Amino acid sequence: AQRVTQPEKLLSVFKGAPVELKCNYSYSGSPELFWYVQYSRQRLQLLLRHISRESIKGFTADLNKGETSFHLKKPFAQEEDSAMYYCALSRRGFQKLVFGTGTRLLVSP
Amino acid sequence: DAGVTQSPTHLIKTRGQQVTLRCSPKSGHDTVSWYQQALGQGPQFIFQYYEEEERQRGNFPDRFSGHQFPNYSSELNVNALLLGDSALYLCASSFSGTSYEQYFGPGTRLTVT
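These numbers were taken from a predicted model, which means no experiment stands behind them.

Asks: Tell me about the sheet that holds strand β3 (residues 19-24) of chain B, and name the residues and values.
Replies: Within a sheet, adjacent strands bond to each other through the backbone by hydrogen bonds, running parallel or antiparallel. Residue and element names in this part refer to chain B. Spatial strand order, β1-β3-β8-β7: four strands in an open sheet with antiparallel pairing. In the strand order of this sheet, the two ends are held by β1 (5-7) and β7 (64-68), each with one partner. Across this sheet, the average inter-strand angle for adjacent strands is 20°, counted without regard to direction. Note that β3 and strand β8 (residues 74-78) share five bridges and pair antiparallel. Directly across from Cys23, in β8, lies its bridge partner Ser74.

Asks: So, the pairing of strand β5 (residues 44-50) of chain B: which residues are in play, and what are the values?
Replies: Residue and element names in this part refer to chain B. Burial of β5 is extensive: five of the seven residues sit out of reach of the surface. As paired strands, strand β4 (residues 31-37) and β5 are joined by six bridges and run antiparallel to one another. Looking across to β5, one finds that Thr31 is bridged to Tyr50. Hairpin geometry of β4 and β5 is characterised by an intervening segment of six residues between the two adjacent antiparallel strands and by a positive phi of about 80° at Gly40. Where β5 meets strand β6 (residues 53-57), four bridges bridge the pair, whose relative direction is antiparallel. When the sheet's bridge partners are listed, Phe47 is paired in β6 with Arg57.

Rules of the game
The residue count restarts for each chain, going from 1 along the sequence in the order it is written. Chains and ligands are labelled by the order in which they are written, letters from A for the one and numbers from 1 for the other. The predicted nature of this model means local features are confined to residues of pLDDT at least 70 and side-chain atom pairs, given and counted, to a pLDDT of 80 or more, with totals for whole chains, interfaces and linings taken over all residues. The basis for the side-chain values is all heavy atoms of the structure; hydrogens and waters are excluded. Two strands qualify as a pair provided that DSSP identifies no fewer than 2 bridges between them. Secondary structure elements are taken from DSSP: a helix is a run of H or I of four residues or more, a strand is a run of E of two residues or more, and numbering for both begins at the N terminus. Whenever a helix is involved, its axis is fitted only over the stretch in contact; in every case the axis is a line through C-alpha atoms, and angles between N-to-C directions fall within 0 to 180 degrees. A simple rule labels every residue: compare its accessible area, found with a 1.4 Å probe on the protein chains alone, to the largest value its type can have, and call it buried under 20%, exposed over 50%, or partly exposed in between.

Treat this as a map of the structure, not an account of what it does.
Right, dumping it as structure tokens:
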């Protein structure tokens with residue numbers, strides 16, 4: 001069965017602190033992994049996906065197949081990073097997304 | 001381009017009634033997916049439409065049905081509403097040819113009383 005686990009409902013950090021949002025997945029095969037973000041009063045939008053291996057807004061995520069993890073990291077959090085973050089996976093070649101329950105990131109000044 | 005649009009924004013229905021939600025995809029997109037997001041949960045995949053056919057389906061009962069029109073817009077229908085159907089319903093569009101990126105609409109908040 002496909003499953004995405006985000007163990008933290010809320011992560012609260014101070015501006016300038018490092019951030020790591022955890023994501024573990026369960027999937028037999030080679031999944032595509034994504035991070036979606038939802039800022040206040042905005043719609044859900046793609047932040048990054050593992051296949052592109054790029055850094056968006058200072059965030060990076062590395063797929064660790066051994067630990068079945070896809071943690072999202074940023075070395076120095078900004079107040080504008082405060083949002084709801086969802087980890088998601090899909091089967092290669094298919095667009096059905098399986099989402100985790102989300103982690104709310106709160107960055108305080 | 002307004003991106004993905006959904007209507008209505010909010011809806012209140014009574015248990016046992018039927019509801020229709022609508023979605024217009026982003027310009028250039030031909031695939032529409034529907035998700036249900038209950039409070040405090042991540043979105044759950046309901047089904048996906050491409051070329052006016054249901055292509056994939058999640059773990060939802062037959063009370064949930066859909067349609068895609070030739071202009072790629074889509075409807076989600078839910079019959080015999082239950083209290084547990086109260087949720088935010090999200091529509092996402094994508095282009096089948098090249099991209100895995102799905103663009104989400106703002107959602108329709110359905111409340112069943």
